[in-house]
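Read off the chains here:
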Amino acid sequence: MRATFSADGEVLVVTGGASGIGAAAARAYAEAGGTPVVLDVAPSDELAAAGIEQHGVDVADRDAVFAAFAAIAERHGRVDGLIAGAAVQPRTPVAEMDPAEWRHTLAVNLDGVVWAVQAALPHLRAQASGSIVVFASGLAHMGRAEASAYAASKGALIAFAKSLAAEVIEDRVRVNVLFPGVIDTPQFQAANPGDERAHWLRTTGIGEPEDVAGPLLFLLSEAATMTGSTLSRDRAFAADAGEDA
Ligand SMILES: NC(=O)c1ccc[n+]([C@@H]2O[C@H](COP(=O)([O-])OP(=O)(O)OC[C@H]3O[C@@H](n4cnc5c(N)ncnc54)[C@H](O)[C@@H]3O)[C@@H](O)[C@H]2O)c1
């Protein structure tokens, strides 16, 4: 059975979509016939070359997020899905954490999701359909030294998404949390220098951003009837690659 989804005529907003998992999702959505629109502080030349619409937006800036959604709604007349993926992952011990770094991490990883959801909801509600996906991380459950702000933001997102799902279920809007697994992206590489990469290779294996596109397209599609759920795609890539993980 081929794993294909159609996004014909539909519009998806991907925050943090200029890189890594979000960029792979935007490309896959376009291949499925839909129109992905990326909101990112650092728009990508490759996505621009591929004809994917991008808006230079800091998701921590609520007004900028709302302005971008207004422009998207005006241009496309609809919003069918939101992947809220913009995130930063500093590595700093708690005792040395600058308050500005703590605030920035929460402002991007948590507040930025809330602002995108608030901006998307009127459109999804008006259509009485739609799907929101946020990214958690295994670190929300396991914790990790020097990753407290990131792990805290991801733990909070799980609780946020489950609460939101209950609020919008009557509107036929679904909200789910994806644990993407360990994926080789710029964020992963920056947060796992040197030997740390070898640790993940040994323990979980490391996937590619494209490996997450299928689960994301599934969660966006009507085939994913679930809401308020968490989906974890750990290790499937290791089996694909034949790794002993
Ligand atoms: N890569 C992994 O192993 C992994 C594991 C668990 C969860 N995740 C989550 O998956 C999502 C995608 O991560 P990725 O690994 O593809 O990272 P990535 O670094 O490749 O992409 C993150 C994107 O977010 C953008 N961004 C950062 N700050 C922003 C801001 N203030 N406003 C707008 N955009 C901003 C960056 O420019 C970048 O394009 C994140 O939420 C991440 O926490 C990743």
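Bear in mind the structure is a predicted one, so any value in this text is a computation, not a measurement. Every chain is numbered independently, its residues counted from 1 as its sequence is written. Per-residue local features are limited, in this predicted model, to residues with pLDDT of at least 70; the limit for side-chain atom pairs, both in listing and counting, is 80 or more; totals at the level of whole chains, interfaces and linings are taken over all residues. Remark: hydrogens and water are excluded; side-chain values derive from all non-hydrogen atoms of the structure.

A.B. asks: Any details on the sheet that holds strand β3 (residues 53–56)? Residues and values, ideally.
C.D. replies: At least two DSSP bridges between two strands are required for those strands to pair. Each helix corresponds to a stretch of at least 4 residues labelled H or I by DSSP, and each strand to a stretch of at least 2 residues labelled E; elements are numbered beginning at the N terminus. Spatial ordering of the open sheet is given by β3-β2-β1-β4-β5-β6-β7, a layout of seven strands whose pairing is parallel. Two strands in the sheet have a free side with no partner beyond their single neighbour: β3 and β7 (230–232). Here the strands of the sheet are splayed against their neighbours by 20° on average, with no regard to which way each runs. Across four bridges, strand β1 (residues 11–15) lies against strand β4 (residues 81–84) in parallel orientation. Bridge assignment links valine 13 to a residue of β4, and that residue is leucine 82. Whether two residues touch is decided by their heavy atoms; if any such pair falls within 4.5 Å, the residues are in contact. Orientation is described by lines fitted to C-alpha atoms, with helices fitted over the stretch in contact, and by angles between N-to-C directions that extend from 0 to 180 degrees. Across the sheet, helix α6 (residues 148–168) is in contact with β5 (131–135), β6 (174–179) and β7; its angle to β6 comes to roughly 160°.

A.B. asks: So what about the pattern of salt bridges? Which residues, and what values?
C.D. replies: A pair is scored as a salt bridge if a Lys or Arg side-chain nitrogen falls within 4 Å of a carboxyl oxygen belonging to Asp or Glu. Enumeration according to the criterion identifies eight salt bridges in this entry. Close ionic contact of aspartate 171 with arginine 125 constitutes a salt bridge, the shortest N to O distance being 2.7 Å. One end of the pair, aspartate 171, is in the loop between α6 and β6; the other, arginine 125, is in helix α4 (residues 99–127), with 46 residues separating them in the sequence. Taking relative accessible area as the criterion, aspartate 171 reaches 22% and is therefore assigned partly exposed. We call a residue buried when its accessible area falls under 20% of the maximum for its residue type, exposed when it is over 50%, and partly exposed in between, using a 1.4 Å probe and counting protein chains only.

A.B. asks: I'd like a description of the confidence of the model for the chain, backed by residues and values.
C.D. replies: As a general rule, the predicted coordinates of low-pLDDT regions are not to be interpreted in detail. For every residue, the pLDDT score states the predictor's confidence, bounded by 0 at the bottom and 100 at the top. Across the chain, the average pLDDT comes to 94, with 94% of residues at or above 70. In this model, residues 237–245 is a region of pLDDT below 50 whose contacts with residues beyond four sequence positions or in other chains number 16 contacts.

A.B. asks: Lay out the pairing of β5 in plain terms, naming residues and giving numbers.
C.D. replies: Across the five residues of β5, five count as buried, placing the element largely inside the fold. Going residue by residue along β5, you find Ser131, Val133 and Phe135 tucked away on one face and Ile132 and Val134 tucked away on the opposite face as well. Across four bridges, the pairing between β4 and β5 is parallel. In the strand pairing of β5, isoleucine 83 is matched with valine 133. The parallel pair β4 and β5, bridged by α4, forms a crossover whose chirality is right-handed. Looking at chain direction, β5 and β6 are connected through five bridges and run parallel. Along β6, the bridge assignment pairs serine 131 with arginine 174. We call a crossover right-handed when, viewed with both strands directed away from the observer, the connection leading from the first strand over the helix to the second proceeds clockwise.

A.B. asks: Requested: an account of the packing of aromatic side chains, with residues and values cited.
C.D. replies: When the centres of two rings from Phe, Tyr and Trp lie within 6.5 Å, Trp using its six-membered ring, the rings pair. Their planes under 30 degrees apart give stacked, over 60 give edge-to-face, and anything left gives tilted. Under the counting rule described, the total for this entry stands at one aromatic pair. With a centroid separation of 6.5 Å and an interplanar angle of 50°, the aromatic rings of phenylalanine 5 and phenylalanine 218 are classed as tilted. On the criterion of sequence distance, the pair formed by phenylalanine 5 in the segment before β1 and phenylalanine 218 in helix α9 (residues 213–220) is long-range, its members being 213 residues apart.

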